[in-house]
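Residues per chain, in single letters:
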Amino acid sequence: MSAVSPGARDCGERGAAATRARPATGRPHPPTPPGGPLRVAVIGGGPGGLYAAALLKRLDPRRQISVWERNAPDDTFGFGVVLSDETLGGIEHADPRVYDALQRHFTRWDDIDIVHRGARHTSGGHGFAALGRKRLLDILHTRCRELGVDLRFRTEAPAGLPHTHDLVIAADGVHSATRETYADTFRPRVTAHRCRYIWLAADFPFDSFRFEIAETEHGVMQLHGYPYAPDASTVIIEMREEVWHAAGFDELDEAESIGRCAKIFAEALRGRPLTSNNSTWTTFRTVVNDRWSHGNVVLLGDAAHTAHFSIGSGTKLAVEDALALAACLEERDSLPEALTAYEAERRPVVASTQRAARASLEWFENLGLYLDQPPRQFAFNLLTRSRRVTHDNLRLRDARFTQTVEREFGCPPGTPPMFTPFRLRGLTLRNRVVVSPMDMYSAVDGVPGDFHLVHLGARALGGAGLVMTEMVCVSEEGRITPGCTGLYTGRQAEAWKRITTFVHHRAPGTAIGVQLGHSGRKGSTKLMWEGMDEPLEEGNWPLVAPSALPYKEGGQTPRELSRAQLTDIREQFAAAAVRAARAGFDLLELHCAHGYLLSGFLSPLTNRRTDAYGGSLDKRLRFPLEVFDAVRTVWPGERPMTVRISATDWAEGGTTAEDAVEIARAFAAHGADAIDVSTGQVVADERPQFGRSYQTPFADRIRHTAGIPVIAVGAISSWDDVNSLILAGRTDLCALARPHLYDPHWTLHAAAEQGYTGPGAVWPAPYRAGSRRPRTGRLDAPKPRLSLGGGDTRAR
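This one's a predicted model, so the numbers in the text were calculated from it and none came from an experiment.

1. Looking at the overall build of the protein chain
And then number 1: Each helix and strand counted, the protein chain has 25 helices and 29 strands in total.
And then number 2: The C-alpha radius of gyration computed for the protein chain amounts to 29 Å, which stays within 12% of the reference 28 Å derived for 796 residues, consistent with globular compactness.
And then number 3: By principal-axis analysis of the C-alpha atoms, the protein chain measures approximately 85 × 55 × 55 Å.
And then number 4: Taking all 796 residues of the protein chain together, 63% fall into the buried category.
And then number 5: By sequence separation, contacts in the protein chain at least 24 residues apart represent 74% of the contacts at least 6 residues apart.
And then number 6: Put simply, the protein chain shows about 29,200 Å² of open surface, and 49% of that area lies on carbon and sulfur atoms.
And then number 7: Both charge centroids of the protein chain, one from 93 positive and one from 94 negative side chains, sit 3 Å from each other.

Written out as structure tokens, the structure is:
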């Protein structure tokens, strides 16, 4: 479960002492003999490798299986291991004897304690089971010997195993030498992160999973602790690299480090000492491989992938790899088919876990951002940091804790966080849901028609607090496609007034906002469904941009804007804002994202100017800020203005998260009321890291660093996610696009599914009968058994 830092600690904790058997070398062996691989070599004697060996031998006693481990059988470099109920279910099905042995040694508990600034906050109902790592290895050693697996300790794996065996399983850890030998095939990417940590133990059992935050003169440090035996607990001490140096840990030996840690966290440790087992300070490394097999060599566990220890999935993933590999070898007719099926089955699960682990890892790296949150909100934020544990399932686990957090946040009784109001300047939104801007490409001569009335009107009737238009272009030349809307003529303004009037009269309480933009180098293209970002075959118009760089190969090269043209465009934005105010829009958003004109000035990848509008970030900001000021001057003072930015370009050398904070600060200083935080679409060769709520961390960082309200966007699809993000303080508003295409009444349906009938979600009078349909859904479902590393299994 991602709310905790449990002890499946294969990933990195083994450090320099990790199993580093000499890699198998040479060309992999030819196809497997009939009946599956009979000669199997396993490199690495950790839990994943041992369990794979035991499973394969049990499934086919004819197999000759050898495990090569360079360390002694009782050498281990960690303490506690936590396995999920899901993983244990797989073990029970595959080998009841291993399951029974594990069950006899588990330590179980339910609570998570979060200690921050002298206050302890407890959340219950979580359900953990742990045992010692050495005990786990003993159980697996015993089972392997019972089955006849050849365990070779203190022995390097010989060269040439792929020639002498039908299958070689490389379970040789995060520092896998086998992976490096075939790096051209596996194409590994290893990323080091910003924190140092050390894995230790205490000689007493914690009565819960404990997170403790220490704010020292050198910086923030944190303790992750949990019991794994009647007389022992795992203790991990973690801090950012610069804090580690400032505190002098880089100059201390092992004993001195342990003593210092015990002193810093003396209260949590009840004054007891900490112990180590060849423990060293290390930096976590995330391992990703493009492929997991090469001929008859296959990667398993940390050799194939790692997930940060704070979600406790290292041993879990390795054991589940072993289960899947054994099953695929049984079910498939040939080794190549089996290895392909193994990777196809496991890769999506691992990718999902790694996304959750990355979110958790980054939360702890940036822990300092959240220290001033209200105490229980801080605890809720920590528990939900990976996005796998959510508001809804925390409420199922511990309703009292969650209700207390809601009360501190300001939720009236029975009001989900998403239905609390939010004020921007003179505008109060009745809830936190925004219909995100979505280009419809359905205008004629820039005029919104009946389609736009129905499209925006339907979503306004659907209950969102704020409905945004698509990007409305400030000039004919500033359109993306011939189907884009505009606000550069009076006729267009009158058409928009028809829509705002409908929203205000027929959906009272819903605000409607306009997003103003200019396409820049991304203009003069086909309608999205005819070829997104593809140039028109005829009827093209000339493009302008900060620099003469085409968006993509084969696209039109724009002209670099002159000073006079910059003035003209600034005036076009201001004129469009005047028309927008007269048309009755409640809020105006300036589009400075996704590679359009103003975004093109902000990114160093698209702005190569050498004048006052290019170079440093301050200079790249100059024109977008000039446009903002011109618009703010003519936009009514009581009506809010927001700015949409791309917080990263997802490309080397582009806008960074640190740049995004400075961009947000600059717009806030000029009067922006909120920052709408998107990412990417600035350059065609971007490599975004897609996943559930994947853009939210950028909004979170801006909110807590720049001190300005934010709108989070990007793969937010459930009301549970909206509640979680709002209550954790990661965003102020959530903008959803595709969910509103699927269901225009998404917000009202979210209210109905949660049993909410208050002022934050008012059904239009003609629709009220539909609000009384019987409630179904997760709130009426039985309480789930929640387990480590499992949690929510929705698509991420």
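2. Some words on the nonpolar core
And then number 1: Counting residues in each nonpolar core, the largest one holds 88 residues, and the members touching the most others are Leu487, Leu516, Phe667 and Ile702.
And then number 2: In terms of residues, this core owes the most to one element, helix H18 (residues 563-583), which gives eight residues.
And then number 3: Those residues in contact with Leu516 that sit more than four places away from it in its chain are Met471, Val472, Val474, Leu487, Phe573, Ala576, Ala577, Leu588, Glu589, Leu590 and His591.
And then number 4: Grouped together as the second largest cluster of nonpolar side chains are 69 residues, Ala94, Ala101, Ala157 and Ala338 included.

3. Some points on the pattern of salt bridges
And then number 1: The final tally for this structure, using the stated rule, is 43 salt bridges.
And then number 2: Put simply, Arg58 and Asp95 hold a salt bridge, and the shortest N to O gap is 3.9 Å. Highlighted residues: Arg58 in helix H1 (residues 47-59) and Asp95 in the loop between helix H2 (85-94) and helix H3 (96-103), separated in sequence by 37 residues.
And then number 3: We classify Arg58 as partly exposed; its relative accessible area is 37%.
And then number 4: Take Asp95: its relative accessible area is 1%, and that puts it in the buried class.
And then number 5: Notably, a salt bridge pairs Arg187 with Asp290, separated by 3.1 Å at the nearest N-O pair. Here Arg187, found in the loop between helix H7 (183-186) and strand S10 (188-202), pairs with Asp290, found in the loop between strand S15 (282-289) and strand S16 (293-294); they are 103 residues apart in sequence, far enough to count as distant.
And then number 6: Taking the relative accessible area as the measure of exposure, Asp290 reaches 32% and is therefore partly exposed.

4. So, H3
And then number 1: Burial in H3 covers these residues: Val98, Tyr99, Ala101 and Leu102. The buried residues of H3 all sit within an arc of 165° when viewed along its axis, so they share a single face.
And then number 2: In this structure, the buried residues of H3 make contact with H1, H2, strand S7 (128-132) and helix H4 (133-147).

5. What about the pairing of S7?
The side chains of a regular strand alternate between the sheet's two faces.
And then number 1: The buried fraction of S7 is high, at five of five residues.
And then number 2: Looking at chain direction, strand S3 (residues 80-82) and S7 are connected through three bridges and run antiparallel. Considered in S7, the bridge of Val81 is made with Leu131.
And then number 3: Relative to S7, strand S4 (residues 107-109) runs antiparallel, the two sharing three bridges. Looking across to S7, one finds that Thr107 is bridged to Ala130.

6. Here we look at unusual backbone geometry
And then number 1: Positive phi, close to 65°, is recorded for Asp533, a residue that is not glycine.
And then number 2: Structurally, Asp533 can be placed in the loop between helix H17 (528-531) and strand S23 (544-545).
And then number 3: Of note, the phi angle at His594 is positive, near 65°, even though the residue is not glycine.
And then number 4: Note that His594 resides in the loop between strand S25 (587-592) and helix H19 (597-602).

7. Points about the environment of Met239
And then number 1: Its place among the elements puts Met239 in strand S13 (residues 232-240).
And then number 2: Through-space distance from the C-alpha of Met239 to that of Cys195 is 5.3 Å; in sequence the pair is 44 residues apart.
And then number 3: Apart from residues lying up to four places away in sequence, Met239 is in contact with Arg194, Cys195, Arg196, Val220, Met221, Trp244, Phe249 and Trp281.

8. Overview of the state of the cysteines
One way to say it: the disulfide is the covalent bond shared by the sulfur atoms of two cysteines.
And then number 1: Throughout the structure, instances matching the rule amount to zero disulfides.
And then number 2: We note that Cys195 lacks a disulfide partner, and the nearest cysteine sulfur, in Cys261, lies 14 Å from it.
And then number 3: Judged by relative accessible area, which is 5%, Cys195 ranks as buried.

9. Some details on the sheet that holds strand S2 (residues 64-69)
Where strands meet in a sheet, backbone hydrogen bonds hold them as pairs that are either parallel or antiparallel.
And then number 1: Pairing in this open sheet of six strands is mixed, and the strands run S8-S2-S1-S9-S17-S16 from one edge to the other. At either end of the open sheet lies a strand with only one pairing partner, and these are strand S8 (150-153) and S16.
And then number 2: Bridging between strand S9 (residues 167-170) and strand S17 (residues 297-299) involves three bridges; their strand directions are parallel. Bridge pairing in S17 places Ile169 opposite Val298.
And then number 3: Across the sheet, H1 is in contact with strand S1 (39-43), S2, S8 and S9; its angle to S2 comes to roughly 170°.

10. What to know about the sheet that holds strand S27 (residues 674-678)
And then number 1: Sheet architecture is closed into a barrel: eight strands sit in the order S20-S21-S22-S25-S26-S27-S28-S29, paired in parallel fashion. The average angle at which neighbouring strand axes cross in this sheet is 30°, direction not considered.
And then number 2: Where S25 and strand S26 (residues 641-646) come together, five bridges link them in parallel fashion. Directly across from Cys592, in S26, lies its bridge partner Ile645.
And then number 3: The strands touched by H18 within the sheet are strand S22 (511-517) and S25, with S22 carrying the most contacts at an inclination of about 165°.

11. A few points about the side chain of Thr655
And then number 1: Positionally, Thr655 belongs in the loop between S26 and helix H21 (657-669).
And then number 2: On the accessibility criterion, Thr655 (4% relative accessible area) is buried.
And then number 3: If we skip the residues at most four places from it in the chain, Thr655 touches Leu602, Ser603, Pro604, Ser646, Ala647, Thr648, Asp649, Ala660 and Ile663.

12. With respect to the packing of aromatic side chains
Ring pairs (aromatic) are described by centroid distance and by the angle formed between their planes.
And then number 1: Here the structure, examined in full by the defined rule, presents 25 aromatic pairs.
And then number 2: Relative to Phe623, the ring of Phe601 lies with its centre 4.9 Å away and its plane at 45°, an arrangement referred to as tilted. Of this pair, Phe601 sits in helix H19 while Phe623 sits in helix H20 (residues 617-634), and the two are 22 residues apart along the sequence. Each member of the pair, Phe601 as well as Phe623, carries the same accessibility label: buried.
And then number 3: When the ring centre of Phe249 is taken as origin, the NZ or CZ atom of Arg260, which lies over that ring, is 5.5 Å away.
And then number 4: Seen from the ring of Tyr596, Lys522 lies directly overhead, with NZ or CZ sitting 4.8 Å from the centre.

13. Comments concerning the pairing of strand S11 (residues 209-216)
And then number 1: S11 sits mainly inside the fold: six of its eight residues count as buried.
And then number 2: Relative to S11, strand S5 (residues 112-116) runs parallel, the two being bridged by four bridges. Directly across from Val115, in S11, lies its bridge partner Glu212.
And then number 3: Taken together, the seven bridges between S11 and strand S12 (residues 219-229) define a ladder with antiparallel strand orientation. Across the sheet, Arg210 pairs through a bridge with Gly225, a residue of S12.
And then number 4: Where S11 hands over to S12, the hairpin turn is made up of two residues, counted between the paired strands.

Quick notes on the rules
Think of each chain on its own: its residues are numbered from 1, step by step along the sequence as written. Local features in a predicted model are, by the rule used here, given only for residues with pLDDT of at least 70; side-chain atom pairs are given and counted only at 80 or more, and totals for whole chains, interfaces and linings are based on all residues. Excluding hydrogens and water, the side-chain values take into account all heavy atoms of the structure. Strands here are runs of E lasting at least two residues and helices are runs of H or I lasting at least four, both read from the DSSP assignment and numbered beginning at the N terminus. Note that the radius of gyration is over C-alpha atoms, with the globule rule given as 2.2 Å times the number of residues to the power 0.38. To sort residues, take the accessible area from a 1.4 Å probe on protein chains only and compare it with the maximum for the residue type: under 20% means buried, over 50% means exposed, and anything in between is partly exposed. Two residues qualify as a contact provided that any one of their heavy atoms is within 4.5 Å of a heavy atom in the partner residue. A 1.4 Å probe and the Shrake-Rupley method give the accessible areas. Residues count as covered only by the protein chains that appear here. Under the counting rule used here, the positive set is Lys and Arg, the negative set is Asp and Glu, and His together with the chain ends is not counted. Here the site of a charge means atom NZ of a Lys, CZ of an Arg, CG of an Asp or CD of a Glu. Nine residue types can take part in a nonpolar core, namely buried Ala, Val, Leu, Ile, Met, Phe, Trp, Tyr and Cys, and a core is a set of them joined through side-chain atoms within 4.5 Å. Salt bridges, as used here, are contacts in which a Lys or Arg side-chain nitrogen is within 4 Å of a carboxyl oxygen on Asp or Glu. The directions considered for the arc run from the helix axis to the C-beta atoms. Paired strands are those between which DSSP finds at least two bridges. Note that a disulfide, as used here, is simply two cysteine sulfur atoms within 2.5 Å. For every element, the axis is a line fit to its C-alpha atoms; helices are fit only across the contacting stretch, and the angle between N-to-C directions ranges from 0 to 180 degrees. Stacked, edge-to-face and tilted labels apply to pairs of Phe, Tyr and Trp rings (six-membered ring for Trp) whose centres lie within 6.5 Å, assigned for plane angles under 30 degrees, over 60, and everything in between, in that order. Remark: a charge is flagged as sitting over a ring if the NZ atom of Lys or the CZ atom of Arg is within 6 Å of the ring centre and within 35 degrees of the ring normal.

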